[in-house]
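One letter stands for each residue in the lines below.
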Amino acid sequence: MPGRSLADLLAALGLFLEPDVQERVEWLGEELLRWNRTHNLTAITDPVAVREKHLADSLTLLPLLGNARRLLDLGSGAGFPALPVKIARPDLDVVSIDAVGKKVVFQRHVARVLKLAGFTAVHGRAEDLPKTPLCGAGFDLVTARALGSLPMLARLAEPLLAPGGRLIAMKGAEGVSELTAGQADLLARGFACTAQHRLQLPVSGAERCLLVLEKTG
Ligand code: SAH
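Residues numbered from 1 in each chain as written. Predicted model: local features only at pLDDT ≥ 70, side-chain atom pairs only at ≥ 80, totals over all residues. Heavy atoms only, no water.

1. Topic: the pattern of salt bridges
Scanning the model with the defined rule gives 11 salt bridges in all. Arg208 is paired through a salt bridge with Asp57; the nearest N and O atoms lie 3.3 Å apart. Here the residue Arg208 occupies a position in strand β7 (residues 207-215), and Asp57 occupies one in helix α3 (residues 47-59), the gap between them amounting to 151 residues. In terms of burial, Arg208 and Asp57 fall into one category: buried. Between Arg89 and Asp91 there is a salt bridge, with its nearest N and O atoms 2.9 Å apart. Taken together, the salt bridges that share partners define one network made up of Asp57, Arg145 and Arg208. (Salt bridge = Lys/Arg side-chain N within 4 Å of Asp/Glu carboxyl O. Helix = DSSP H or I, 4+ residues; strand = E, 2+ residues; numbered from the N terminus. Buried < 20%, exposed > 50% of the residue type's maximum accessible area, 1.4 Å probe, protein only.)

Here it is in structure tokens:
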């Protein structure tokens, strides 16, 4: 059984954060639990599970960010993966969107306390984002965790991505079969799967599959 500190969980996933960054990510987990007592933001309430399933799981994106400058997190909930990624990579411009107001209020609170410059949490529906100035010339990376089927994610992400931009769908074990089933639909929308990363979370053993879809045409 690996250790259960955030550092141990990250190490088991081949990840490392500088101590000051790690401290900020840990504070996010603690603040989520504090707010959750009164605001019901997440079903995960065990501190180790928060570290594993919200913090460490979100950070598995880090090696896949490439040279992205503008990241959009769809259906971000209480800010996952958007907030841990922004804390670890403050140079990234991050926009997150969620349809539930109290979750967005939590994200804004965290961004304020941690003084995250270049982090915008939007209360609204992903479908409405392409019409807004925030979308601009498009994002070069769109992420989504636990939001919907691959074809649905591709439909939402397509108008929001700059040409050559990537959608990273953070899935469980079902990701592989979803990809097979959705292949034709994804191709028709101009997406090609350029990478699949499978991993296992160190405490629960839960399987994860990160699917990287590039908007080619
Ligand atoms: N990504 C977060 C939350 C997943 S739950 C995490 O992994 O912890 C899915 C979230 O998507 C919910 O918070 C819900 O409010 C939001 N959502 C669902 N459909 C949406 C849409 N069309 N536009 C914006 N948010 C949406």
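2. Regarding helix α7 (residues 175-188)
With 14 residues, α7 extends 19 Å between its outermost C-alpha atoms, agreeing within 8% with the 20 Å of an ideal straight helix rising 1.5 Å per residue. A bend of about 60° at Gly182 is the largest found in α7. For α7, the set of buried residues is Gly175, Leu179, Gly182 and Leu186. Tucked inside the fold, the buried residues of α7 contact α6 (150-157), β5 (161-171), β6 (191-200) and β7. Backbone geometry just after α7 places Gly190 at a positive phi near 85°. (Expected span 1.5 Å × (residues − 1). Bend = angle between axes of the 7 residues up to and from the residue. Contact = heavy atoms within 4.5 Å.)

3. Regarding the nonpolar core
Ranked by size, the top nonpolar core spans 44 residues in total, and within it Leu17, Val25, Leu28, Leu59, Phe106 and Phe119 carry the most contacts. Going through the elements one at a time, α1 (6-12), α2 (19-39), α3, α4 (82-88), α5 (101-113), β3 (119-123), β5 and β7 are the ones with two or more residues in this core. In contact with Phe106, not counting residues within four places along its chain, are Leu28, Glu31, Leu32, Trp35, Leu41 and Ala78. (Core = buried A, V, L, I, M, F, W, Y, C linked by side-chain atoms within 4.5 Å.)

4. Quick word on the site of the ligand
The environment of the ligand is formed by 16 residues, the closest being Gly75, Phe80, Asp98, Ala126 and Arg145. One nitrogen or oxygen atom from the main chain of Phe80 is found 2.8 Å from a nitrogen atom belonging to the ligand. Contacts to the ligand include Arg125, whose side-chain N or O atom sits 3.1 Å from a nitrogen atom. For the ligand, whose unbound accessible area comes to 570 Å², protein coverage reaches 81%. (Near = heavy atom within 4 Å. Polar contact = N/O pair within 3.5 Å; in protein donor to acceptor, adjacent residues only side chain to side chain. Areas by Shrake-Rupley, 256 points an atom, 1.4 Å probe, with all protein chains shown as cover.)

5. Some remarks on the sheet that holds β7
If you walk across this open sheet you meet the seven strands as β3-β2-β1-β4-β5-β7-β6, and the pairing is mixed. The open sheet is flanked by β3 and β6, the only strands paired with a single partner. Taking the axes of each pair of neighbouring strands and ignoring which way they run, one obtains an average angle of 15° across the sheet. Pairing geometry for strand β2 (residues 93-98) and β3, over five bridges, is parallel. Bridge pairing in β3 places Val95 opposite Thr120. In the packing of α3 onto the sheet, contacts are made with β4 (139-145), β5 and β7, and the angle to β4 comes to roughly 150°. Against the sheet, α5 contacts β2 and β3, and its axis sits at roughly 165° relative to β3. (Pairing = 2+ DSSP bridges. Axes fitted to C-alpha atoms, helices over the stretch in contact; angles between N-to-C directions.)

6. With respect to the environment of Ile97
Its location among the elements puts Ile97 in strand β2. Among the residues examined, Ile97 registers a relative accessible area of 3% and is labelled buried. Expressed as a C-alpha distance, the spacing of Ile97 and Arg108, which sit 11 residues apart in the sequence, is 11 Å.

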